[in-house]
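Structure at a glance
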Amino acid sequence: DEWETGMATAILDENGDATYEFNTPAAWDGLTLEEKLSDLMISQNNEEQQSTTTRVFIMGTIAGRLNNEHGATSSATLTTIRNEAPEGSVVL
């Protein structure tokens, strides 16, 4: 499925405080764990492989906002990354 690029609209009240509206679903709601990334996450025992294994994962919170509503896959993908990250990895 092709989803639109995500867009947020900020609405300022009389005090200058912002509220946000997001188009839903958007491309950031459809993240999937591709085999290439999954392979990079696999921790290997030999030194050569360990140097190329991914150890830091940075994930944005907006991608997980819908859980599985509207066919969104991002929340499940982020959970899989958190659960399968090699021991000692940093997941933010």
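Anyway, here's the lowdown on the structure attached to this text.

Basis of the calculations
- Residues numbered from 1 in each chain as written.
- Predicted model: local features only at pLDDT ≥ 70, side-chain atom pairs only at ≥ 80, totals over all residues.
- Heavy atoms only, no water.
- Helix = DSSP H or I, 4+ residues; strand = E, 2+ residues; numbered from the N terminus.
- Buried < 20%, exposed > 50% of the residue type's maximum accessible area, 1.4 Å probe, protein only.
- Contact = heavy atoms within 4.5 Å.
- Phe/Tyr/Trp six-rings, centres within 6.5 Å; stacked < 30°, edge-to-face > 60°.
- Pairing = 2+ DSSP bridges.
- Patch = residues over 30% accessible without salt bridge, like charges linked within 9 Å, V, L, I, M, F, W, Y side chains within 5 Å.
- Areas by Shrake-Rupley, 256 points an atom, 1.4 Å probe, with all protein chains shown as cover.
- Salt bridge = Lys/Arg side-chain N within 4 Å of Asp/Glu carboxyl O.

**Comments concerning the side chain of Ser89**
Tracing the chain through its elements places Ser89 in the loop between helix H3 (74-84) and strand E4 (90-91). Residue class for Ser89 comes out buried when judged on its relative accessible area of 18%. The residues contacting Ser89, other than those within four sequence positions of it, are Thr54, Arg55 and Phe57.

**As for the packing of aromatic side chains**
Enumeration over the complete set of coordinates arrives at 1 aromatic pair. Here Phe22 and Trp28 contribute two aromatic rings whose centre-to-centre distance is 6.3 Å and whose plane-to-plane angle is 75°, an arrangement assigned as edge-to-face.

**Describing the pairing of strand E2 (residues 18-22)**
Summarising the sheet, strand E1 (residues 8-12) and E2 pair through 5 bridges and their orientation is antiparallel. Opposite Thr9, over in E2, you have Glu21 as the bridge partner.

**Some details on a nonpolar patch on the surface**
A cluster of nonpolar side chains, Val56, Ile58, Val90 and Leu92, forms an exposed patch at the surface whose accessible area comes to about 400 Å². Relative to the assigned elements, Ile58 resides in the loop between strand E3 (56-57) and H3.

**Structural notes on the environment of Glu2**
Counting through the fold element by element, Glu2 comes out in the segment before E1. Overall, the relative accessible area of 79% leaves Glu2 in the exposed class. Between the C-alpha atom of Glu2 and that of Ala26, which follows or precedes it by 24 residues, the distance is 9.0 Å.

**Comments concerning the pattern of salt bridges**
Applying the stated criterion to the full structure yields 1 salt bridge. Residue Arg65 is joined to Asp29 by a salt bridge in which the shortest nitrogen-to-oxygen separation is 2.5 Å. Residue Arg65 is found in the loop between E3 and H3, and its partner Asp29 is found in the loop between E2 and helix H1 (35-41); the two are separated by 36 residues along the sequence.

**Remarks on the environment of Gly64**
Turning to its location among the elements, Gly64 is positioned in the loop between E3 and H3. By relative accessible area, Gly64 is classed as partly exposed at 22%. A C-alpha to C-alpha distance of 8.7 Å links Gly64 and Thr77, two positions 13 residues apart in sequence. Residues within four places of Gly64 in sequence aside, it is in contact with Ser75 and Leu78.

The values are spatial; any link to function lies outside them.
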